[in-house]
Amino acid sequence: CLPANQERFANGRLATVQFHPSAQVVMTAGHDRSVSLFQVDGIRNPRIQSIYLESFPIYKACFSVDGEQVIATGTHHKMFFVYDMMSGSIIPIQKVRGVEERFLRNFEISPDGSFMVVTGTSGYLHVLSMKTKELIGTMKVNGRCTASAFTPDSSKIYSYSKEGEVFIWDVRSRKCLHKFEDEGSLEGKCIAVSKNNQYVACGSASGVVNLYTTDVCLKENHPKPVKAIMNLVTSATCVTFNPTTEILAVASRETDEAVKLV
C-alpha cells in the first residue's frame, strides 16, 4: 500500500492517525499544527483538505462517533478546537466553565457519542457533553490519572492512575463503583476495554500488559490477570483491541518497531 498521507507528509511528529467511522477517509494530525484528511483509494490517496491551527501543536485529535466533527487538543493549551466537517468551520472552545486546568490534553469519547471525558491534573476527570461541550460533572482518583476508557455501552469509565490503581465509575452518577490494583504495576500508562466487554487490558511503565476479565475487575480488589504480556521491554504506551476481541495490540512509542499483536 502507498503511504495514506503521501500527498501531504507532516513536517513534525504525527500524534494521531485515525480512520473515519463510516467513510473511506483517514485523518492525520500532529506537532506541525495541522489536521489533514485523505480519501483512501489505495491508488493515489488524494488529500481532501488540511486545516492549520496557528501556534497549536496537536497532542490528540479524534473523530466524533457520527464522523461529523474532529476534536483536537494541544500539547500545552487549556483550550481545544472542534472542526465541523459539514460546515467547514473551526470552532475554538476557549474555556469550559468549571474546569480549572492548565492543560487539556488527553480525552476519550464515549462509544454512544454522548460524552467526552478529559483527563485533568491531580487526578481529576471531567465529563463533558459532546453536544454542548459543557461540563456535566467531575470525578477524582487518588494520585494522578494517566488513562481512561469507556465500556462499550458507555455506562462506565475505567480510569488508570499513575500509582497502578484502576477506578471504575458510573457515568451517569459519577460515583466510584469499584477500584482494583493492577498486579505488579509500578506506574499505569494505558488502558483498554474490549468491544464485547469481556476483557480489560492495563499497560504499565515496565512494559508489562495485564489482561483481566471484566467480571473479576468489578468484584475483586486484587484480581489475577488471565495473562501477563511481557513482550515489550520499554513502557507500554498504547493498548487496543480489534473489533471482534480476537487480537490485542500492544505498543511502545519509546523504541522503533515495538508493536506486538497478541
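Residues numbered from 1 in each chain as written. Predicted model: local features only at pLDDT ≥ 70, side-chain atom pairs only at ≥ 80, totals over all residues. Heavy atoms only, no water.

By the naming in an unreviewed UniProt entry, the protein is U3 small nucleolar RNA-associated protein 18 homolog, taken from Psophia crepitans. Its UniProt record, at the heading Sequence similarities (unreviewed entry), says of the protein: "Belongs to the WD repeat UTP18 family." The annotation that UniProt attaches to the protein under Subcellular location (unreviewed entry) is "Nucleus, Nucleolus". (UniProt positions renumbered as here; feature names shortened; annotations may be inferred.)

Caption draft 1: Representation of the sheet that holds strand β20 (residues 227-229) within the structure. Strand order in this open sheet of 4 strands is β17-β18-β19-β20, and the pairing throughout is antiparallel. The two strands at the open ends of the sheet, each matched to only one other strand, are β17 (188-193) and β20. Ignoring which end each strand starts from, the neighbouring axes of this sheet average 20° apart. (Pairing = 2+ DSSP bridges. Helix = DSSP H or I, 4+ residues; strand = E, 2+ residues; numbered from the N terminus. Axes fitted to C-alpha atoms, helices over the stretch in contact; angles between N-to-C directions.)

Caption draft 2: The UniProt feature "repeat: WD" (unreviewed entry) in the protein, seen in detail. Summarizing the sequence annotation, UniProt attributes the feature "repeat: WD" (unreviewed entry) to residues 149-179 in the numbering used throughout. Counting secondary structure, residues 149-179 comes out at 0% helix and 58% strand; the distance between its end C-alpha atoms is 14 Å.

Caption draft 3: Inspection of the environment of Q6 at higher detail. Tracing the sequence through the fold places Q6 in the segment before β1 (14-19). Not counting residues up to four positions away in its chain, the partners in contact with Q6 are I43 and R44. (Contact = heavy atoms within 4.5 Å.)

Caption draft 4: Summary view of the packing of aromatic side chains. Applying the stated criterion across every chain yields a total of 3 aromatic pairs. Considering the side-chain rings of F56 and F81, the 4.8 Å spacing of their centres and the 90° angle between planes classify their relative orientation as edge-to-face. With F56 in the loop between β4 (47-52) and β5 (58-63) and F81 in strand β7 (residues 80-84), the pair connects residues that are 25 residues apart, well separated along the chain. Each member of the pair, F56 together with F81, is buried. Considering the side-chain rings of F167 and W169, the 6.2 Å spacing of their centres and the 20° angle between planes classify their relative orientation as stacked. Of the two residues examined, F167 and W169, each falls in the buried class. (Phe/Tyr/Trp six-rings, centres within 6.5 Å; stacked < 30°, edge-to-face > 60°. Buried < 20%, exposed > 50% of the residue type's maximum accessible area, 1.4 Å probe, protein only.)

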